[in-house]
Every structure is written in structure tokens, then in C-alpha cells.
Amino acid sequence: MSKKNAKPAGKAESKRVPFSQLRKLLLPAYRRHRGRLAAGFTALVLVDLLQLTIPRIIKHGVDGLESLTITAPGLLRLGGMILLIACAVVVLRFTWRYLIIGFSRLLERAIRNRIFSHILKMDAPFFEKYTTGDLMAHSSNDLAAVQMACGMGMVAAVDSLVMSVAAIGFMVAIHPTLTLLALLPLPILAVTTRILSGKLHRRFATVQEQFSSMTEFSRSTLISIGLIKAYTMEDFQTDRFGKLGQDYLKSNLQVASIQGLISPLATLIGSLGMLMVLFFGGRLVIEKTITLGDFVAFITYLYMLIWPMMAIGWVANLVQRGLTSLGRIHDLVNSQTTLPDPVLPIEPEMLDRPGFELEDLTFSYSSSTAPVLKNLTLSFGPGIHGVTGRTGSGKSTLCKLLARLYPLEDETLFFGGTDVNKLPLDFIRSHIGYVGQEPVLFSDTIAANIALGRADASREEIIQAAVSAAIHEDILELKDGYDTMTGERGVKLSGGQRQRLALARALLCDRPVLIIDDGLSAVDVATEHEVFAGLKRHFAGKTVLIVSNRIKLLSMTDNIIILADGSVESEGNHEQLLIANSLYQSMFEKQMTQDSEKEPALP
Ligand SMILES: Nc1ncnc2c1ncn2[C@@H]1O[C@H](COP(=O)(O)OP(=O)(O)O)[C@@H](O)[C@H]1O
Ligand SMILES: [Mg+2]
């Protein structure tokens, strides 16, 4: 299916984006905070240099003791120096942490905002390609990996470089051959960390994917919780979630076991170096080639090298993770919308003819699937148009195309007489009000939900819209009227009430075109007429498209289109279709008998 073909975000894609491209995501923040970074790294390097002087001081002490040339006040002075250095290190360490880790958080925020604003700009095909789970993973795990690489990763890289170069320098100054012997085991560590970090990298990618599936699973379960309960699927879903969690745990444990190997290995190899120093260095002291102070200082430097040795593997890891994540973020924020969005001056006369014309429009969701709409030539000018047809005939697709959610070929759809591909998306959408079958209510007051598209609307205007949508009486019966909280954390409204609320929202926006995609299906027969009357009053001279299978509603429209398998089967008004179309006739007869059967039950 198209969904599978169009999914480069998941495991299949591992093409490497060159760093010159990835860099573009990071550079703005680096430029902007370069002063902060310069100060932070100065503090970091100062800490290293100060720490490196401590073995020199110890050497003086030990040499003085050995030759018994040092006095008690002299020793105290050396101790005082070490204390002073320690105090300076405390202050400087705080400074670099605050500045550099703070920088990585600023960078994270910048990229997060970029991801968020990009996602909001994307079109329907994008949301078919990336699941919510993918998007959540990008904005949590991937971002965290980048933040770690640019924060602690960068710190560890600079820190270990300065420390190891300087420590090795001091060691060479004491005795070059001994340095060579002490460092002999180092390449083993370099090779093993390289292998381990490669493994770690692959496991980490699996962890990311599993996290994404788990997020997506819980999201889809939660939004369809009613369905799950209706089918008593709680245990089934819990089991499936348990299995996903089990896989996630397993992969995470594998990551942990590799990570757990790295540090003991570094210590082990460090001890090998220590063995060399004790044996060969000790002999050098006995032969009086180096002093005892040199020997002690040498061992201290070797200890100082263990952390940078471990850091090499760790940094390689962080950088690798960071780069993979940055690659995924790069793909995400560089995904293009498939819809043309030209920036063009708008001719004012276009507003005089708000309506759509379709000219031989054919549409399929992907190049590999059969067309869903075929050679449609239709006109939706001022007036109320009904659209009906069996499930899957393409009614919703038609509505989504008019709302510009999917790309279309040139010269097939015209808005106000202009090819839609030549018009900015915002321009077209700002002229359309849209009511879907399952209206979304936000956790806010009823009034705020009605005023969604028009934050500036007065209470009178909101009430007026609610009256027209025949929801005003229902709202007055609620505890706090228009100030009642609704949505996920408030009162629950019935399907019909929600649909009328969504209609009030569209009425308040008062746009030249209104599209109702099955958005009155749950409105009960008693209020249907009232709703339609409000609509007619409100939208006189404007273009309204009502998708519905309710004959009563359709019979009140000016013109009805019957879609069958993506084509127009019939077109005409209620009376004409009753004579000409057999599907319409049978719908009419069925619904009339249903309604009359219901009639006696009504009060
Ligand atoms: N996002 C989509 N991707 C691929 N196919 C789709 C998508 N949405 C709908 N379809 C297909 O298009 C056809 C028409 O669907 P739709 O427009 O929703 O029909 P209706 O609203 O009349 O029930 C159906 O065969 C449906 O499976
Ligand atoms: Mg539909």
C-alpha cells in the first residue's frame, strides 16, 4: 500500500546525510552563543591546566622529603597551593557547566521549535508518512541525543583532548621511554571501544524504533479507548503493549550491557599501564635515572589519563548517536510539502466569485493506487449543494481536495476562477469553513471552542452563532452555560451537540465557503430543520457544500450530486433525482419509512 512505499522515516532509511548539510541545523545556535561557548571552554581548559599542575606540586614535595630539604612551612605552602587550586577548580567547573550545558539546552530549544513549526506547516501526505509516534520520538529521543552530543559530548571531547595531550606531554618530559611503555596498552582500548560503540550504535537505533512503536501504540489505544472497551479488548491491548515493552526492555538491557563493558575495560587497561610503570619506573628510580617525585608525579598523570581514555569511547558514542538523530531531524525538517504554495498578489475581484470549479479532475492518493475521483467536472457556486453517495464513493476525498489538503494537477481545480495551484494555500483556506464528522473539541470553555477561529468575537456574536446552529438552548442547560468547560477535561457533549457546536464555530468564522463533510449526521431529525434554516439564513449568497446521506437534509438543498465510485452518477434537485435516480429513490423510501416508524415514539 501507499503508506508502506512512502515511509522513509523508519528502519529502511539509513542513507547518510553529509555533515555539511546537518551542520546547518546547529550553526545558527553556535553563532548566536559563541561568546558563551568561548567563555565556557576557556573555563574548561583552565580547570584542566590547573589540575595538571597538582602532580608537579606533589613532585616538589616528595623530592624535598626524599632529600630532606623541605621544611614544615614549605610543606604547608605546597598544601595551601593545592587547596587554592581546588577552590579555583570548583568555581571554574561550575562556570563551564553552567555555560556549556546551558548552551546545549538553548540549542535543543531552538531545534525543538524548528521541528514544531515545521510539523504544523505540513500537509496530509506528511501525516500519513510520519506517525504521531515517529514525531514524538523525534522531538524527545532524537533531540535528547543531539543535546547530549553538543553538551556533554563536546565537553568530554575537549576535556579529554586537553588532558591527554598535556598529561602525555608532562610524562614525556619526565621519561619518554617510560611514557611509551605506560601507553602501550592504549591502542587495545581504542580498538575495543570502537567495536563496542559500533554495536551500541546499532542497538540504540533499535531502541529508538521500539520507543516510537510503543508511543504510537499507546496513542492509538488511548484515542480509541471507547472502541477498545466496547470490544472488551483491554486485556488484549495490555498484552500487546506488554510485548512491545518487553522488546524495548530487552534492547535497552543490551545497550546497558555494552555500556557496562566499556568502563571496566578502560580501568583494566589502565591497570596494565600501571603495572608497566611500577615495574619499569620503579627500576628507573632505583637506578636514580628519575627521582621519586618524578615517579609519583608520573603515576598521578597516568591516573589522569584513565578518564580521557574512557571518554574517547564515550564521546565516539555520543557523537554517533547525535549524528544519527540529527540526520533524522534533518530529514524531518527538510521534508517538503507536496502542495505548491506560491506567493502571489491576490486580485481583489476574486472575492466576488467565491466558489469552486472542477475541470476533468482525477485524483489518486498515490501514484500506485487507482484513482478515487475520476474525471469530475462540477461547479460549486453560491448556493447550497448536497453531495451524497455510498461509503467509499469519494465524498470525503472531494472535501479534502477543496480544502487543499492534497496536491492536484494544474488546471483541474479553480477557486474564484483561478487555478488553485497558482494561489497561496493560506488564501484559499482562509476562505473556507470546515466541519467534519468527528469534530474536535479542545479542553476549554464552550465559548472559547466556538470562537476557535475568531479569538476577537464578542459574547453576542458567539451566542448568535450558537442560536443559528441550534445549540444555544443546549448550552444554557449546562451548569455554567457558555463558560462550561468541555473537551477532554470537561463536560461531554453528545455527538449531535458536538456537531452543532462545530457548526456554530464555522458560522462564527463566517467565511465565503462552508464545507460540511457528513458533519450533521448525528444531529437528530427534530433539530435538523432548525439547523438547516440557520445555515440558509447565515450563508445567503455564499457557497455551502453539505455531504450527507440524509434525504431530509438533501431535499432542502438547491442542487444534489450523487457520487458513485469517484464519478458523478446523477445531478439535480430533490424532485428531479426522485424521478431519475434509483439509488436516491431507494434511499428516500427507506428513510421515509424509518422516520414514520420513529414518529409515534416521539413525544
Ligand atoms: N488517506 C487515504 N489514503 C489512501 N486511500 C484513501 C485515503 N482516504 C480515503 N481513501 C480511499 O478513497 C476512497 C474514497 O474514500 P472517501 O473519500 O473517504 O469516501 P466517502 O467519504 O465517500 O466514504 C476509498 O476507497 C478509501 O479507501
Ligand atoms: Mg466520508
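Structural data are supplied above this passage.
Since this is a predicted model, take the numbers as computed values, not measurements.

J.: Explain the site of ligand 1 to me, please; I cannot follow it from the model alone.
T.: As a matter of local geometry, ligand 1 sits amid 13 residues, with E128, G392, K395, S396 and T397 nearest to it. Here E128 contributes a side-chain N or O atom positioned 3.0 Å from a nitrogen atom of ligand 1. Take K395: an N or O atom from its main chain is 2.8 Å from an oxygen atom of ligand 1. Of the residues contributing to the shell around ligand 1, the split by class is three nonpolar, six polar and four charged.

J.: Explain the nonpolar core here, please?
T.: When a protein is soluble and globular, its nonpolar side chains tend to lie buried together. Among the nonpolar cores identified, the biggest contains 36 residues, and I450, L503, L514 and I546 are the most heavily contacted of them. At the level of secondary structure, the elements contributing two or more residues to this core comprise α14 (446-450), α15 (459-468), α17 (495-509), β7 (513-517), α18 (525-538) and β8 (543-547). By residue number, the principal contributor to this core is α17, which donates seven residues. Excluding residues within four positions of it along the chain, I546 makes contact with I384, H385, G386, V387, I516, L520, F532, L535, L553 and T557. By size, the runner-up hydrophobic cluster in this structure holds 35 residues, among which are V47, I111, L135 and V155.

J.: In this structure, what is going on with a positive patch on the surface? I would like to understand it.
T.: Taken together, the side chains of R23, K24, R31 and R34 present a region of like positive charge at the surface. Looking at the positive patch, the element that brings in the most residues is helix α2 (residues 19-32), giving three residues. Tracing the backbone through its elements, the reader meets K24 in helix α2. Of the residues examined, K24 reaches a relative accessible area of 51% and is grouped as exposed.

J.: Mind showing me how you'd approach the sheet that holds strand β4 (residues 413-415) here?
T.: Backbone hydrogen bonds hold the strands of a sheet together, and the pairing may be parallel or antiparallel. With respect to topology, four strands assemble into an open sheet ordered β2-β1-β4-β5, the strand pairing being antiparallel. Of all the strands in the sheet, just β2 (373-380) and β5 (418-419) have a single pairing partner and so form its edges. Where β4 meets β5, two bridges bridge the pair, whose relative direction is antiparallel. The residue bridging F415 from the neighbouring strand is T418, located in β5.

J.: Which parts of the structure should I look at to understand the sheet that holds strand β10 (residues 567-572)?
T.: Across the sheet, six strands lie side by side as β6-β7-β8-β3-β9-β10; this open sheet has mixed pairing. Of all the strands in the sheet, just β6 (432-435) and β10 have a single pairing partner and so form its edges. Taken over all neighbouring pairs, the strand axes of this sheet differ in orientation by 15° on average, direction set aside. Direction of pairing for strand β9 (residues 559-564) relative to β10: antiparallel, over a ladder of five bridges.

J.: Sorry, what's going on with the packing of aromatic side chains here?
T.: Both the distance between ring centres and the angle between the ring planes are used here to describe each pair of aromatic rings. Tallying each qualifying case throughout the model produces 13 aromatic pairs. Ring geometry for F126 and Y130: centres 4.9 Å apart, planes at 45°, overall tilted. Both residues of the pair, F126 and Y130, count as buried. Seen in terms of ring centroids, F279 and F280 are 5.1 Å apart; in terms of plane orientation they differ by 80°. Their pairing is edge-to-face. Classification of F280 by relative accessible area gives partly exposed; the value is 30%. Against the face of F204 rests R321, its NZ or CZ located 3.9 Å from the ring centre. Across from the ring centre of F539, 5.6 Å away, lies the NZ or CZ of K542, which sits over that ring.

Parameters and conventions
Residues numbered from 1 in each chain as written. Chains lettered and ligands numbered in written order. Predicted model: local features only at pLDDT ≥ 70, side-chain atom pairs only at ≥ 80, totals over all residues. Heavy atoms only, no water. Near = heavy atom within 4 Å. Polar contact = N/O pair within 3.5 Å; in protein donor to acceptor, adjacent residues only side chain to side chain. Nonpolar A, V, L, I, M, F, W, Y, C, P; charged D, E, K, R; others polar. Core = buried A, V, L, I, M, F, W, Y, C linked by side-chain atoms within 4.5 Å. Buried < 20%, exposed > 50% of the residue type's maximum accessible area, 1.4 Å probe, protein only. Helix = DSSP H or I, 4+ residues; strand = E, 2+ residues; numbered from the N terminus. Contact = heavy atoms within 4.5 Å. Patch = residues over 30% accessible without salt bridge, like charges linked within 9 Å, V, L, I, M, F, W, Y side chains within 5 Å. Areas by Shrake-Rupley, 256 points an atom, 1.4 Å probe, with all protein chains shown as cover. Salt bridge = Lys/Arg side-chain N within 4 Å of Asp/Glu carboxyl O. Lys, Arg positive; Asp, Glu negative; His and termini not counted. Charge placed at Lys NZ, Arg CZ, Asp CG, Glu CD. Pairing = 2+ DSSP bridges. Axes fitted to C-alpha atoms, helices over the stretch in contact; angles between N-to-C directions. Phe/Tyr/Trp six-rings, centres within 6.5 Å; stacked < 30°, edge-to-face > 60°. Lys NZ or Arg CZ within 6 Å of the ring centre and 35° of its normal.

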